[in-house]
Amino acid sequence: MRTLARWLYAAAANLTTAAADVVPPGDSKASIALRARRGIGRRYARWADEFRGTGRLLWMHAPSVGEGLQARPVLSLMRAHHADTKLAYTFYSPSAEEFSRGLDVDFRDYLPFDTGAAMSGALDALRPDALVFSKVDVWPELVRRAKSRRVPLGMISATLAATSSRRGGLASLVLRDAYAALDAVGAVDDADAERLVELGVRQNVITVTGDTRYDQVWQRAQAVDRASALLTRLGGERPTLVAGSTWPSDEQRLLRAFETARGRVPAARLIIAPHEMSAEHLDAVIQWARSATLSLARVDEPAAANADVVLVDRFGILGDIYALASVAFVGGGFHDAGLHSVLEPAAFGAPVLFGPRHDRSRDAGLLLAAGGARALADEREIADALGRWLGNPESRLDAGARARALVESGRGAAQRSLELVERLLS
């Protein structure tokens with residue numbers, strides 16, 4: 001059965017590699033991901049010819065932005081403490097391409113599809129002294145080829161939800177040997193460590209190092225420029241709900257609940273940053289504000305300073321805008337795609353609200369237990385929570401302090417993860 005699973009996996013990898021050369025133009029994530037692999041082997045080889053040189057190289061792989069946020073603090077520490085070590089960073093999803101440009105690394109590119117030839121070419125080009133995965137994704141052929149070359153293999157901020165599909169079925173058959181090949185794994189907590197052993201990770205290579213995202217969000221919150229033109233223009237004394245990464249399923253409840261809450265807190269305003277900023281999605285928010293007779297302005301319009309609703313219609317600024325939050329609502333909790341990051345607003349001391357589908361978010365569970373968040377089932381509960389926290393500064397500040405304290409308590413994972421990487425390199 002395992003042989004068949006591996007054959008199917010290899011066939012799928014070869015098929016996607018072939019599809020990259022023939023995929024037609026398009027702006028879907030799948031089309032972009034396929035086209036990005038065209039000529040990828042030549043890009044790796046060209047970088048090796050021009051820049052690889054001699055000396056140590058750490059290869060860090062983080063498939064998407066979330067995993068990249070976990071990798072970034074460790075890469076920053078590597079750069080600060082080991083300036084002579086080259087850093088290579090690869091990713092899988094198109095959503096991480098822009099994120100990668102903000103990293104201080106020597107090489108950045110998509111990871112090739114997981115075929116033997118492609119991974120051998122990547123290893124030939126980068127010649128890593130260690131290969132480290134962020135969070136939980138491993139690539140069987142890459143691991144197998146790296147192991148055959150005696151490249152030390154690691155994983156940081158390793159976490160696995162109890163409901164993860166990786167714990168059984170075809171995924172287990174395909175991935176088990178790859179997990180067993182890892183030489184050092186930093187788990188987020190003891191429960192994650194136990195589940196990683198179930199996947200195949202050897203118990204004697206696991207240590208609990210924590211989640212580096214706590215360091216990342218804390219550092220960002222401390223570094224935000226509150227005197228920036230954006231925050232100065234949008235700042236003020238009004239109780240402010242910042243709703244981040246919302247989906248239509250969130251907005252169906254949240255927007256009407258906000259109307260209700262304004263009956264108790266008339267000065268309240270909403271700053272909303274939808275997860276997807278298509279014209280259709282943004283227009284739905286605009287039409288709602290009009291029907292609710294609330295003034296609305298886009299974030300870069302002068303009128304945003306005094307608007308009842310501020311619509312964030314560009315990417316990259318939500319992390320700063322959370323600094324304005326009296327209360328935060330984080331999207332994703334009313335559908336199956338998963339809850340977005342609750343740590344970002346918590347790091348600013350904002351109590352956090354989200355929908356009922358949060359079971360895959362460890363951070364959400366910790367915030368709930370600490371009293372820094374509330375999970376809400378429907379529009380009525382959202383309206384009640386908004387009314388209580390926006391209208392009661394004492395209660396709001398207490399919950400916000402609990403949220404912030406939780407984030408602060410998680411600091412230090414980046415340093416422990418750096419030490420794990422250093423051991424691999426040595």
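Going by the structure above, here's the rest.
Attention in this report is confined to the structure presented alongside it. Values in this document were obtained by computation on a predicted structure and should not be read as measured data.

What follows deals with the overall build of the chain. Counting its secondary structure elements, the chain contains 19 helices and 14 strands. In summary, the chain has a C-alpha radius of gyration of 23 Å against a globular reference of 22 Å for 426 residues, a match within 12%. Referenced to the eigenvectors of the C-alpha coordinate spread, the extents of the chain come out at roughly 65 × 45 × 45 Å. Within the chain, the proportion of its 426 residues that are buried is 54%. Considering only residue pairs separated by 6 or more positions, the chain has 65% of its internal contacts joining residues 24 or more positions apart. Working note: accessible area of the chain is about 18,400 Å², and carbon and sulfur atoms make up 51% of it. Of note, the chain has its 53 positive side-chain charges centred 3 Å away from the centre of its 51 negative side-chain charges.

A few words on the environment of glutamine 219. For glutamine 219, the location among the structural elements is in helix H10 (residues 213–223). Each C-alpha atom, one on glutamine 219 and one on aspartate 189, is 21 Å from the other, the two residues being 30 residues apart in sequence.

Looking now at the side chain of aspartate 250. Mapped onto the elements of the fold, aspartate 250 is located in helix H12 (residues 248–264). Within the buried core, aspartate 250 has no salt-bridge partner, and the shortest N-O distance to an opposite charge, that of arginine 253, equals 6.7 Å.

This next bit is on the packing of H12 against helix H13 (residues 279–291). Angle between the axes and distance between the axes are the two parameters that describe a pair of packed helices. H13 packs onto H12 with a crossing angle of 15° between their chain directions and a minimal axis gap of 11 Å. With respect to H13, the element H12 is oriented roughly parallel. The handedness of the crossing between H12 and H13 comes out as right-handed. Here Pro248, Glu251, Leu255, Arg256, Phe258 and Glu259 of H12 come into contact with H13, specifically with His281, Val285 and Trp288. For the contact of H12 with H13, a count of residues per class yields 5 nonpolar, 1 polar and 3 charged.

The subject of this paragraph is helix H18 (residues 393–409). If you check H18, its first and last C-alpha atoms are 24 Å apart, about what 17 residues at 1.5 Å a residue would give, namely 24 Å. Of all the residues in H18, the buried ones are Arg396, Ala399, Gly400, Ala403, Leu406 and Val407. Buried residues of H18, seen end-on, are gathered within an arc of 115° and therefore sit on one face of the element. For H18, exposure combined with an orientation more than 90 degrees from the buried face picks out Glu394, Leu397 and Ser409. On its buried side, H18 packs onto H10, strand S12 (327–330), helix H15 (343–347), helix H16 (362–370) and helix H17 (379–391).

Overall, the coordinates contain 29 salt bridges when judged by the stated rule. Taking the shortest distance from any N to any O, the salt bridge between aspartate 106 and arginine 79 comes out at 3.1 Å. Taken together, the positions of aspartate 106 in the loop between helix H5 (97–100) and strand S3 (107–110) and arginine 79 in helix H4 (residues 65–81) put the pair 27 residues apart, joining distant regions of the chain. Ionic pairing is found between aspartate 308 and arginine 262, a salt bridge with its closest N-O pair at 3.8 Å. Of this pair, aspartate 308 sits in the loop between strand S10 (296–298) and strand S11 (309–311) while arginine 262 is found in helix H12, placing the two residues 46 residues apart along the sequence. Salt bridges sharing partners connect three or more residues here, namely Asp189, Asp211, Arg213, Arg362 and Asp363.

With that settled, the discussion passes to the sheet that holds S11. Two strands in a sheet stick together by hydrogen bonds in their backbones, pointing the same way (parallel) or opposite ways (antiparallel). Strand order across the open sheet formed by 7 strands is S10-S11-S9-S8-S12-S13-S14, with parallel pairing between neighbours. Sheet topology places S10 and strand S14 (373–375) at the edges, where each strand pairs with a single neighbour. The average angle at which neighbouring strand axes cross in this sheet is 20°, direction not considered. Sheet topology note: the strand S13 (residues 352–354)/S14 ladder contains 3 bridges and is parallel. Across the sheet, the residue bridging to leucine 353 is arginine 374, located in S14. Of the strands in this sheet, strand S8 (240–246), strand S9 (269–274) and S12 touch H12, which is tilted by about 170° from S8.

Now for the nonpolar core. Leu270 and Trp288 are the most contacted members of the largest nonpolar core, which totals 74 residues. Per element, the largest residue contribution to this core is 6 residues, and it comes from H17. Beyond its immediate chain neighbours, meaning those up to four positions away, tryptophan 288 contacts Leu255, Arg256, Phe258, Glu259, Leu270, Leu294 and Val309. In this structure, Ala71, Ala96, Ala146 and Ala181 belong to the second largest nonpolar core, which totals 67 residues.

A few words now on the packing of aromatic side chains. The description of an aromatic ring pair uses the distance of the two centres, along with the angle that the planes make with each other. Within this structure, the stated rule accounts for 6 aromatic pairs. The ring of tyrosine 92 carries the charged tip of arginine 37 above its face, separated from the ring centre by 4.6 Å. Sitting over the ring of phenylalanine 113, arginine 37 keeps its end group 4.6 Å from the ring centre.

With that out of the way, let us pick up unusual backbone geometry. Backbone geometry places lysine 135, a non-glycine residue, at a positive phi of 85°. Its location among the elements puts lysine 135 in the loop between strand S4 (130–134) and helix H7 (140–148). The phi torsion at threonine 293 lies on the positive side, around 55°, for a residue other than glycine. By the secondary structure assignment, threonine 293 is in the loop between H13 and S10. Look at threonine 293 and you get exposed, because its relative accessible area is 71%.

Each value, and the rule that gives it
Residues numbered from 1 in each chain as written. Predicted model: local features only at pLDDT ≥ 70, side-chain atom pairs only at ≥ 80, totals over all residues. Heavy atoms only, no water. Helix = DSSP H or I, 4+ residues; strand = E, 2+ residues; numbered from the N terminus. Rg over C-alpha atoms; globule rule 2.2 N^0.38 Å. Buried < 20%, exposed > 50% of the residue type's maximum accessible area, 1.4 Å probe, protein only. Contact = heavy atoms within 4.5 Å. Areas by Shrake-Rupley, 256 points an atom, 1.4 Å probe, with all protein chains shown as cover. Lys, Arg positive; Asp, Glu negative; His and termini not counted. Charge placed at Lys NZ, Arg CZ, Asp CG, Glu CD. Salt bridge = Lys/Arg side-chain N within 4 Å of Asp/Glu carboxyl O. Axes fitted to C-alpha atoms, helices over the stretch in contact; angles between N-to-C directions. Parallel < 35°, antiparallel > 145°, perpendicular 65-115°, else oblique. Left-handed = near helix turned anticlockwise from the far one by under 90°. Nonpolar A, V, L, I, M, F, W, Y, C, P; charged D, E, K, R; others polar. Expected span 1.5 Å × (residues − 1). Arc of directions from axis to C-beta. Pairing = 2+ DSSP bridges. Core = buried A, V, L, I, M, F, W, Y, C linked by side-chain atoms within 4.5 Å. Phe/Tyr/Trp six-rings, centres within 6.5 Å; stacked < 30°, edge-to-face > 60°. Lys NZ or Arg CZ within 6 Å of the ring centre and 35° of its normal.

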